[in-house]
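# Understanding the architecture of this molecule
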Amino acid sequence: MKLSKVKVTIAGLFSLALVAGCGSEKEENASLKMWVAPNAAQEVFWTSVINEWNAIPGNKPVEFTTIPATGSSEEAVMSALASGTEPDITTNIFSGFAAQLHGLNQIVDFSKLEGYSELIDKRQMDNIMTSWDYDGAKPVIPIYVNPVMYWWRTDILKENGFDKIPTSYDEIYALSEKFTIPNKQYAVQVAAGKNWWDRWFDFVTFYYAQSDGMQYVENNQAAYDNEAGLEVLGFIDHMFANKWANYDFGANDPLTTGELIGAVRGPWDISRYEQQHPEILKTIKLGPIPTKDGVSDKKTATFADSKGLVLFKSSDMQDDAWKFINWVYSNPKFDLEWIKATSQPPARGDLTSNPIFSDYYKNNPLAKGFAEYVDVAIPSASTSETVAVQRSMTQMLERIIFTDSEVKSSADKSVQEVNKILGK
Amino acid sequence: MIKGLNIKESAQGGLIASTYMGYSLVFWIFPFVWLLILTFSDWQFIGTPSFSGLDNFFNVIQDPLFWKSMKNVFRFLMYYLPMVIFASLFFALGLKKIKYGKSFIALSFLLANVSSGVAYSIVFSKLFSDTGPINDFMNSVFGFTIPWFTNPDFAMFSIAIVITWKFVGYYGLIFYSGLVSIPKEIYDAAELDQTGPVKRLFKITLPLMNAQIIMVVVLAITVAFGIFTEPYLITGGGPLESTTTPMVVMYEAAFQRMEPSWAATMSIFVAIISFGLIWLLRKLFEKNIEIV
């Protein structure tokens, strides 16, 4: 008797839980769900923006949470799509992942929405948007464009008799010859690390600079075995062959320990250095990415760590979501708030000419240095095979660094591998 | 009356067992069935998987990176097994000799086993980097450095050192339990026969610890097929893919290349090969030891 009461109670509880769990979330007063990058500065920004939006009568309320903790944002988004728990909007999408989502027909093409062209014009984003084109579709609104630049320790440069920042390979060779003590100190970092994503900060960056912004994968074909690619590999090869470069600096930042004079860094490093190494930051000067011939009249192209925002096709509030996105990005006031909160240049082409930003950049010369390069900063290639491409690039570099492999044969091998993958 | 009691008891038993059944259903049977579905289908996280026959199996068979990663597991085992067995045995023998603070020492070694893989991977990559403190010391004392993680022939050995550090306390305690269960009388008898310490170790201690040694080797093999954090964070699978493990290949296939079906099929291969290796090992070396 008692047992059947227990059974009934458990069954009842299960039924209640099922009823509660299966209830429709799409109620009339449902709010827009948004995921933002798990980053304190960005959370501060979105809290302020969303509070302002939600306070306007008649607006569909927006609720944001950070992207759930998993190995990566991509993993979290794909898991959510698989289980049907994705939000309406998510930020923190890089170009390669956007290509995958677009290929899977999961994200809305913004260029087909009313007001898109006006928004792009207003933000002077035409140049920026060319890197975010997916077979003519524009399914991403880039939020920020972080050009990577060379940071130089001017104090150590001066100690070694260099008053001018090196910009050509020959100048770097001369500096390396003078400064290098193997396993102790090196002039520059030419290999950023061992993981596939590190290629963004070495080969891809050097390649964009040397090729004046040519894509390394275009029309589903790898192209980095061209003259520019071979120049870059030759430079890296020369540096390692002379023991002027190191592949492993551990988890330390070698620029702060004096093990390096120059290295690739991004705008996100400004606030880190402000908090942890303010004295060293005072000695830092920005320089363009080194190329074979050094500086010219034109700005040197560079890699952009750039992330954007997408709207999922599964959203049943697409109009409201677009209204919100349009509202946020039509008002430069929010871009200024963004810069102040994150130090990262927002994706717009008038950062150095729009008076609303002038005070900020006057007081933050390093940030201004980065902002000036936004228009020549190119994101990762729009391929859904980013990992495979950059894994192959890693092998290409490691063949040059650790074996007797020739630059040309190593590049050819990598391009063949990548083309085979892209052709599948 | 007795019949009624039996029914009541079996219902109660069923109710209690149902929690475990439910757990197995959700966390074991469902993923397993889903894994089987994935291996015979093409799916990219979204929509319904489409049947693809044996395509995934053929693709995995022809994937050089996967087989390289499998070869890397055997390279890892070549370094790891002797290193971890020797170190753990040494730890267990030492622990047996210690009179005071036994629990404290045992717990100290076990701490490595419960430490966060991410945290100690960062610590080890700092310690062993080309410009790190260990190489600094070696350079100043011996005049040379060791490319711990940057030499393709050396990197897997260094990963094996890190994993040995992690498991030496755990395996050491397993060996210790074997050591203390050997009756003292056997050693007394050996002493009367004037058996030397080396002979005692090889003729008494190690044979009587067969069960513990096999258990440690089985655990070490499962660890070898499951390494992920250390190569992923410390070496990125390099240099020249010398530390890429099957778990790294599967993770990248599933969550970065968006090919979960491919990754699921790889996991079937990994399961079969690791199970086969364990079966072979037990068949060849496991002995039924009874101390009477």
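Residues numbered from 1 in each chain as written. Chains lettered and ligands numbered in written order. Predicted model: local features only at pLDDT ≥ 70, side-chain atom pairs only at ≥ 80, totals over all residues. Heavy atoms only, no water.

## Digging into the overall build of chain B
Threshold: Strands are runs of DSSP state E lasting at least 2 residues, helices are runs of H or I lasting at least 4, and numbering of each runs from the N terminus. Our radius of gyration is a C-alpha quantity, and the globule rule it is checked against amounts to 2.2 Å times the number of residues to the power 0.38. The Shrake-Rupley method, run with a 1.4 Å probe sphere, supplies the accessible areas, and residue values consider only the shown protein chains as cover. Only four residue types enter the charge count: Lys and Arg as positive, Asp and Glu as negative, with His and the chain ends excluded. To locate a charge, take atom NZ for lysine, CZ for arginine, CG for aspartate or CD for glutamate.
Each helix and strand in chain B was counted, giving 13 helices and two strands. Computed over its C-alpha atoms, the radius of gyration of chain B comes to 24 Å, more than 25% above the 19 Å expected for a compact globule of 292 residues. Surface exposure of chain B reaches about 15900 Å², of which carbon and sulfur atoms provide 71%. Each charge sign in chain B was given a centre, from 19 positive and 17 negative side chains, and these centres are 10 Å apart.

## Topic: the side chain of A:Glu86
Residue and element names in this part refer to chain A. To keep things clear, this is the line we draw: Residue exposure (1.4 Å probe, protein chains only): buried if accessible area is under 20% of the type maximum, exposed if over 50%, otherwise partly exposed. Two N or O atoms count as a polar contact when they lie within 3.5 Å, although within protein this holds only if one can serve as hydrogen donor and the other as acceptor, and sequence-adjacent residues are included solely when both atoms are side-chain atoms. Any two residues whose heavy atoms approach within 4.5 Å are treated as being in contact.
Tracing the sequence through the fold places Glu 86 in the loop between α3 (73–83) and β3 (89–93). According to the relative accessible area criterion, Glu 86 is buried, its value standing at 17%. Side chain to side chain, Glu 86 and Ser 314 meet in a polar contact 2.5 Å long. Sequence-distant contacts of Glu 86, that is, excluding residues within four places in its chain, are made with Ala 80, Leu 81, Phe 312 and Ser 314.

## A short note on the interface of chain A and chain B
Rules: Within this document, salt bridges are pairs made up of a side-chain nitrogen of Lys or Arg and a carboxyl oxygen of Asp or Glu, the two lying within 4 Å of each other. Think of it as three bins: nonpolar holds Ala, Val, Leu, Ile, Met, Phe, Trp, Tyr, Cys and Pro, charged holds Asp, Glu, Lys and Arg, and polar takes everything else, Gly as well.
Across the boundary between the two partners, chain A contributes 40 residues, which contact 40 residues of chain B. Two residues, B:Arg257 and A:Glu385, come together in a salt bridge whose shortest N-O distance is 3.9 Å. If you look at where chain A meets chain B, you find nine residue pairs in polar contact (both at pLDDT 80 or more). Breaking the side of chain A that touches chain B down by element, the ones donating at least two residues are α1 (2–22), α3, α4 (95–103) and α18 (386–402) of chain A. Its residues assigned to classes, the side of chain A that touches chain B comprises 17 nonpolar, twelve polar and eleven charged.

## Examining the packing of helix α10 (residues 227–241) of chain A against helix α19 (residues 407–422) of chain A
Residue and element names in this part refer to chain A. Just so we agree on the cut-off: For helices, the fitted line uses only the C-alpha atoms of the stretch in contact; every axis is such a line through C-alpha atoms, and the angle between N-to-C directions lies from 0 to 180 degrees. Note on angle classes: values under 35 degrees are labelled roughly parallel, values over 145 roughly antiparallel, values of 65 to 115 roughly perpendicular, and the remainder oblique. By definition, turning the near helix anticlockwise from the far helix through less than a right angle yields a left-handed crossing, and turning it clockwise yields a right-handed one.
Where α10 contacts α19, the two axes come as close as 10 Å, and the packing angle between them is 125°. Between α10 and α19, the interaxial angle falls into the category oblique. Where α10 crosses over α19, the two elements pack in a sense that is right-handed. Residue-level inspection shows Leu 230, Leu 233, Gly 234 and Asp 237 of α10 in contact with α19, the latter providing Val 407, Lys 408 and Ala 411.

## What about the domain arrangement of chain A?
Residues and elements named next belong to chain A. Quick note on the threshold: Here the limits of each domain have been adopted from an automatic or database domain assignment.
Under the domain assignment, chain A is made up of domain 1 (30–145 + 305–378) and domain 2 (149–303 + 382–422). The C-alpha-based centres of domain 1 and domain 2 are spaced at 29 Å. The interface of domain 1 with domain 2 comprises 21 residues on the first partner and 25 residues on the second. Where domain 1 touches domain 2, the interface holds one salt bridge. In this structure, Asp 375 and Lys 299 form a salt bridge, with 3.0 Å as the shortest nitrogen-oxygen distance. Our count for the domain 1 to domain 2 interface comes out at six residue pairs in polar contact (both at pLDDT 80 or more).

## Side note on the packing of aromatic side chains
Residues and elements named next belong to chain A. Applied cut-off: For this analysis, a ring pair means two rings from Phe, Tyr or Trp (six-membered ring only for Trp) whose centres lie within 6.5 Å, classed as stacked if their planes differ by under 30 degrees, edge-to-face if by over 60, and tilted for the remaining angles.
Under the counting rule described, the total for this entry stands at 63 aromatic pairs over all chains. Ring centres of Phe 206 and Phe 235 lie 5.5 Å apart, and the angle between their planes is 70°; this geometry places the pair in the edge-to-face category. Pair noted here: Phe 206 is in helix α9 (residues 203–210) and Phe 235 is in helix α10, with a separation of 29 residues, a long-range link. By the burial criterion, Phe 206 is buried, and Phe 235 matches it.

## Side note on the pattern of salt bridges
Residue and element names in this part refer to chain B. By the definition in use, this model includes 23 salt bridges over all chains. Where Arg 282 meets Glu 286, a salt bridge forms, and the shortest distance between an N and an O atom there is 2.8 Å. Since its relative accessible area comes to 36%, Glu 286 is described here as partly exposed.

## Observations concerning the nonpolar core
The following threshold applies: Remark: nonpolar core denotes a set of buried residues (Ala, Val, Leu, Ile, Met, Phe, Trp, Tyr, Cys) joined through side-chain atoms within 4.5 Å.
A:Trp46, A:Tyr216, A:Tyr224 and A:Phe324 are the most contacted members of the largest nonpolar core, which totals 149 residues. Composition of this core by domain shows at least three residues from each of domain 1 (30–145 + 305–378) and domain 2 (149–303 + 382–422) of chain A. Excluding its chain neighbours within four sequence positions, the residues that come into contact with A:Tyr224 are A:Phe203, A:Tyr207, A:Tyr216, A:Gly229, A:Leu230, A:Val389, A:Ser392, A:Met393, A:Met396, A:Ser414, A:Val415 and A:Val418. Counting residues in each nonpolar core, the second largest holds 63 residues, with B:Phe149, B:Tyr171, B:Tyr187 and B:Val217 among its members.

## Some remarks on a negative patch on the surface
Where we set the bar: Exposure above 30% relative accessible area and no salt bridge define the residues that can form patches, which grow by joining like charges within 9 Å and nonpolar side chains of Val, Leu, Ile, Met, Phe, Trp and Tyr within 5 Å.
Judged by side-chain charge, A:Glu114, A:Glu118, A:Asp121 and A:Asp126 come together as a negatively charged surface patch. Inspection of the secondary structure assignment puts A:Glu114 in the loop between α4 and α5 (116–122).

## Points about the pairing of strand β2 (residues 62–66) of chain A
For a regular strand, the rule is simple: side chains alternate between the two faces of the sheet. All names here are of chain A. Here is the rule: One bridge is not enough; two strands pair if DSSP finds at least two bridges between them. Look down the strands so they point away from you; if going from the first strand over the helix to the second traces a clockwise path, that crossover is right-handed.
Pairing analysis gives five bridges linking strand β1 (residues 32–36) to β2, with the strands arranged parallel. What sits directly across from Lys 33, in β2, is Glu 63. In the classification by handedness, the crossover that spans β1, the intervening helix α2 (residues 40–54) and the parallel β2 is right-handed.

## A few points about the sheet that holds strand β6 (residues 186–188) of chain A
Residues and elements named next belong to chain A. On the basis of which strands lie adjacent, the open sheet formed by four strands has the order β6-β9-β5-β10 and mixed pairing. Edge positions in the sheet fall to β6 and β10 (284–287), since each of these pairs with one other strand and no more. Here the strands of the sheet are splayed against their neighbours by 30° on average, with no regard to which way each runs. Here β6 runs beside strand β9 (residues 260–265); their pairing, made up of two bridges, is parallel. Pairing of Val 188 across the sheet is with Gly 262, part of β9.

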